[in-house]
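Single-letter residue listing:
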Amino acid sequence: QVQLVESGGGLVQAGGSLRLSCAASGRTMRGYTMGWLRQAPGKEREFVAGISCFGATLYADSVKGRFTISRDGAKATVYLQMNSLNTEDTAVYYCVGSGNGDLRPGTKAAQYEDWGQGTQLTVSS
């Protein structure tokens, strides 16, 4: 059974930076796409960033240029470096994974079968 465990959330001031981590266990990283989705209060869950097993990355327009996703295959961990944070980034961030082996990561929640428990990021003004 796959487990995704996030860490690194918290409270940060606008303009600040934070890095989220997600450690995967229970399966091989071969063919495994990982990513991040987020859900703000009163809003629908939205795609943030993804990275395929081939290293292809994809970002939501709202975070492009500010967020960077990366993965460490040896550690089966994916990271989300978040810079220039603003209050609109406040949300619960979910680490997601999919064994579809696609060249590019998906952007829809339904494309990911594995989910972490979520970690809260709060950006204060």
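The structure this text deals with has already been given above.
Residues numbered from 1 in each chain as written. Predicted model: local features only at pLDDT ≥ 70, side-chain atom pairs only at ≥ 80, totals over all residues. Heavy atoms only, no water.

K.L.:
Mind showing me how you'd approach the sheet that holds strand β1 (residues 3-7) here?
P.N.:
Sheet strands pair by backbone hydrogen bonding; their relative direction is either parallel or antiparallel. Pairing is antiparallel across the open sheet formed by 4 strands, whose spatial order is β1-β3-β8-β7. Each edge of the open sheet carries a strand with a single partner, namely β1 and β7 (67-72). For this sheet, the mean inter-axis angle between neighbouring strands, taken without regard to orientation, is 15 degrees. Examined bridge by bridge, β1 and strand β3 (residues 18-25) share 5 bridges and lie antiparallel to one another. What sits directly across from Ser 7, in β3, is Ser 21. (Pairing = 2+ DSSP bridges. Helix = DSSP H or I, 4+ residues; strand = E, 2+ residues; numbered from the N terminus. Axes fitted to C-alpha atoms, helices over the stretch in contact; angles between N-to-C directions.)

K.L.:
Please explain the pairing of β3 as it appears in this structure.
P.N.:
A regular strand places its side chains on the two faces of the sheet in alternate fashion. Across 6 bridges, the pairing between β3 and strand β8 (residues 77-82) is antiparallel. The residue of β8 that forms the bridge with Leu 18 is Met 82.

K.L.:
Teacher, can you tell me more about the packing of aromatic side chains here?
P.N.:
A ring pair, where both rings are aromatic, is described by two values, the distance of the centres and the angle of the planes. Tallying each qualifying case throughout the model produces 1 aromatic pair. Judged by centre distance (5.9 Å) and plane angle (65 degrees), the ring pair of Tyr 94 and Trp 115 falls under edge-to-face. Here the residue Tyr 94 occupies a position in strand β9 (residues 91-98), and Trp 115 occupies one in strand β10 (residues 114-115), the gap between them amounting to 21 residues. It is Arg 45 that lies over the ring of Tyr 94; its NZ or CZ is 4.5 Å from the centre. (Phe/Tyr/Trp six-rings, centres within 6.5 Å; stacked < 30°, edge-to-face > 60°. Lys NZ or Arg CZ within 6 Å of the ring centre and 35° of its normal.)

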